[in-house]
Amino acid sequence: QVQLVESGGGLVQAGGSLGLSCVASISIRRYHMGWYRQAPGKQRELVATIGSGFITNYADSVKGRFTIARDNSKNTIHLQMNSLKPEDTAVYYCNAVGEWSKRYDYWGQGTQVTVSS
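Below is a summary of the structure that appears in this document. All of these numbers come straight from a predicted model, not from anything done at the bench.

What counts and how
Residues numbered from 1 in each chain as written. Predicted model: local features only at pLDDT ≥ 70, side-chain atom pairs only at ≥ 80, totals over all residues. Heavy atoms only, no water. Core = buried A, V, L, I, M, F, W, Y, C linked by side-chain atoms within 4.5 Å. Buried < 20%, exposed > 50% of the residue type's maximum accessible area, 1.4 Å probe, protein only. Helix = DSSP H or I, 4+ residues; strand = E, 2+ residues; numbered from the N terminus. Contact = heavy atoms within 4.5 Å. Disulfide = S-S within 2.5 Å. Pairing = 2+ DSSP bridges.

1. So, the nonpolar core
By size, the foremost hydrophobic cluster in this structure holds 29 residues, and its most contacted members are Met33, Trp35, Val47, Phe66, Leu79, Met81 and Tyr92. Going through the elements one at a time, strand E3 (18-24), strand E4 (31-38), strand E5 (45-50), strand E7 (66-71), strand E8 (76-81), strand E9 (90-98) and strand E11 (111-116) are the ones with two or more residues in this core. For methionine 81, the contacting residues outside a window of four places in its chain are Gly16, Ser17, Leu18, Leu20, Arg65, Phe66, Tyr92 and Val113.

2. What to know about the state of the cysteines
Covalent bonding between the sulfur atoms of two cysteines is what defines a disulfide. Taken as a whole, this structure holds one disulfide when the rule is applied. At a sulfur-sulfur separation of 2.0 Å, the disulfide partner of cysteine 22 is cysteine 94. The S-S bond linking cysteine 22 to cysteine 94 shows a torsion near -80°; that makes this disulfide left-handed. Linking cysteine 22 in strand E3 with cysteine 94 in strand E9, this pair joins segments that are 72 residues apart in sequence.

3. Considerations on unusual backbone geometry
Despite not being glycine, phenylalanine 54 shows a phi value in the positive range, around 70°. In this fold, phenylalanine 54 is placed in the loop between E5 and strand E6 (56-58). On the accessibility criterion, phenylalanine 54 (47% relative accessible area) is partly exposed.

4. Here's the deal with the side chain of arginine 65
Structurally, arginine 65 is set in the loop between E6 and E7. Residues contacting arginine 65, with those up to four places away along its chain left out, are Gln80, Met81, Asn82, Ser83, Leu84, Lys85 and Asp88.

5. Remarks on the pairing of strand E1 (residues 4-7)
Judged by which residues are buried, E1 turns out to be one-sided: Leu4 and Glu6 face inward and are buried, whereas Val5 and Ser7, on the alternate face, are not. Two strands pair when backbone bridges link them, and E1 and E3 are joined in this way by four bridges, in the antiparallel orientation. Each bridged residue has a counterpart across the sheet, and for serine 7 the counterpart in E3 is serine 21.

See the structure below:
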């Protein structure tokens, strides 16, 4: 089975930074990769994605503050989060979707990010 394992979550003060990592048990070269988040009482939302061609996409709420990156040689993606706000508090999930088919769709277990004011 495919496993995505996230790390790097934690508790930070507003204005601080955190870096998240996601390690996949498979080669990610042919996958679109992304980070999603879900806050209590809210729908899961896209945070950032990075395609197999390294094209990135960000939610308006995080643009300019967050940076997504991928390292295909290590089968990892990263999310660098700067200037964190309390509204960034959520469980963050790593996602991989096959570029050839959305049937190949995998999720990590999630990591908690809490930003205090």
